[in-house]
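For reference, the chains in residue letters:
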Amino acid sequence: MVNWNEIDAYAKSWVKEAGEEIKKSFNQTLNIETKSNRNDLVTNIDKQTEQFFIKKIKAAFPDHNILGEEGFGDNIESLEGITWIIDPIDGTMNFIHQQRNFAISIGIYENGIGKIGLIYDVIHDELYHAMKGKGAYLNHRELSPLKEVNVNEAVISLNVTWVIQNNKIDPSILSRLAHDVRGTRSYGSAALELASIAAGRMDAYITLRLSPWDFAAGIVLLEEVGGIVTNLHGEPLNLLTQNSVLVAKPGLHQRVMHDYLHNGKW
Ligand code: 2AM
Ligand code: CA
């Protein structure tokens, strides 16, 4: 029998410990490199933090697999067994430019099913956490089931990238939605955007390009409060590839899918 409470307790203590180390790093000069393009950034702290988790996990749970953004984990081709999906710093650009608005994101899956989700907003000391079937929490407060909201009263998370010329979607599709909603926001950390929806502070999040470590934890949280999670074609997310993502409160997801995305056939 897998002891999920033990895994959860370890994961939470490591996340807090990593958060302390990240805060200490603010006194140091960062070593910043670019990855896929000039705005896709990684620092020595992203790498050190991922390596910290890998060392801890491998020592405590040698048979668990690890998929980490910075590539220090395993070469994952399937989600068989127990897999930790880790983004050591989600929102690296914010980490570098603002020293805030970033998070540690860890999703723990068993045979492809999300069991534990942890998103730690280090600077605000806010730990969003969920275990499948046990509810979602922000620190010690249980999060309430999400309520339905209309498009014209919705505040949605949408980066301007997707309403200007880009290579993923005709900008007129989402600019029509941006026009109709009450407001748009963009935090620059997918994990924190998903956590904000789980906490009821935001109503939807739409993006055309996320990697599994950006959403693995968030979708565990969202499932506990009734958030609807699909790609922009209405299909389930794939945890081994990049995805488009449409996460929304119930009702709003259906409206956006039907009225703006032509039921996924845009
Ligand atoms: P990161 O900071 O861990 O790289 C910013 O818009 C959000 O999208 C962040 O969560 C960021 O994660 C993620 N992101 C940035 N560039 C990305 C890319 N090329 N592919 C997938 N996700 C990306
Ligand atoms: Ca990252």
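A short tour of the structure in this document, coming up. The structure presented is a predicted model; accordingly, all values stated were derived computationally and were not measured.

**Describing the environment of T241**
With respect to the element layout, T241 can be found in the loop between β13 (228-230) and β14 (243-248). Distance in space between the C-alpha atoms of T241 and L210 is 8.7 Å, their sequence separation being 31 residues. Discounting residues that sit within four places of it in the chain, T241 has contacts with L210 and P212.

**Examining the sheet that holds strand β7 (residues 126-131)**
As summarised here, the arrangement of the 7 strands in space is β3-β4-β5-β6-β7-β8-β9, forming an open sheet in which the pairing is mixed. The two strands at the open ends of the sheet, each matched to only one other strand, are β3 (65-68) and β9 (141-142). Packing against the sheet, helix α1 (residues 4-24) makes contact with β4 (82-90), β5 (103-110), β6 (113-121) and β7, and its axis sits at approximately 25° to β6. Contacts from helix α6 (residues 212-225) reach β3, β4, β5, β6, β7 and β8 (136-138), with the element oriented near 105° to β6.

**Digging into the coordination of the calcium ion (ligand 2)**
Tetrahedral coordination by four donors sets the ideal angle at the metal to 109.5 degrees; octahedral coordination by six donors sets it to 90 or 180 degrees. For the calcium ion (ligand 2), the protein coordination sphere consists of E69 (OE), D87 (OD), D87 (OD) and I89 (O), at 2.1 to 3.0 Å. Along the chain, the residues that donate to the calcium ion (ligand 2) are spaced as E-x17-D-x1-I. One end of the pair, E69, is in the loop between β3 and β4; the other, I89, is in strand β4, and 20 residues separate them in sequence. Take E69: its relative accessible area is 21%, and that puts it in the partly exposed class. The exposure class of I89 is buried, given its relative accessible area of 1%.

**Some remarks on the nonpolar core**
The biggest cluster of nonpolar side chains holds 38 residues, and the ones touching the most others in it are I85, I119 and F215. Contributing elements (two or more residues each) for this core: β5, β7, β8, α5 (190-198), β12 (204-210), α6 and β14. Broken down by element, the residue count for this core peaks at 9 residues, all from α6. Inspection of this core shows a minimum of three residues originating in each of domain 1 (4-142) and domain 2 (151-264). When residues no more than four places from it in sequence are discounted, the contact partners of I119 are A103, I104, S105, E126, L127, Y128, A191, L192, A195, A217, G218 and L221.

**Regarding helix α4 (residues 171-180)**
Buried within α4 are the following residues: P171, I173, L174 and L177. Viewed along the axis of α4, the buried residues span an arc of 160°, placing them on a single side of the element. Near the N-terminus of α4, the side chain that reaches the backbone nitrogen of S172, with its oxygen 2.9 Å away, is that of D170.

**Some remarks on the packing of aromatic side chains**
Summed over the entire model, instances satisfying the criterion amount to 9 aromatic pairs. The interplanar angle of 40° and the centroid separation of 5.9 Å between the aromatic rings of F26 and F95 together place this pair among those described as tilted. With F26 in the loop between α1 and β1 (32-34) and F95 in helix α3 (residues 92-98), the pair connects residues that are 69 residues apart, well separated along the chain. Classification of F26 by relative accessible area gives partly exposed; the value is 30%. Relative to F102, the ring of F95 lies with its centre 5.1 Å away and its plane at 80°, an arrangement referred to as edge-to-face. In terms of burial, F95 and F102 fall into one category: buried. Members of the aromatic cluster, each reached through a chain of ring pairs, are Y10, W14, F61 and W84.

Rules used in this analysis
Residues numbered from 1 in each chain as written. Chains lettered and ligands numbered in written order. Predicted model: local features only at pLDDT ≥ 70, side-chain atom pairs only at ≥ 80, totals over all residues. Heavy atoms only, no water. Helix = DSSP H or I, 4+ residues; strand = E, 2+ residues; numbered from the N terminus. Contact = heavy atoms within 4.5 Å. Pairing = 2+ DSSP bridges. Axes fitted to C-alpha atoms, helices over the stretch in contact; angles between N-to-C directions. Donors = N, O, S within 2.8 Å, 3.2 Å for Na, K, Ca; no water. Buried < 20%, exposed > 50% of the residue type's maximum accessible area, 1.4 Å probe, protein only. Core = buried A, V, L, I, M, F, W, Y, C linked by side-chain atoms within 4.5 Å. Domains from an automatic or database assignment. Arc of directions from axis to C-beta. Polar contact = N/O pair within 3.5 Å; in protein donor to acceptor, adjacent residues only side chain to side chain. Phe/Tyr/Trp six-rings, centres within 6.5 Å; stacked < 30°, edge-to-face > 60°.

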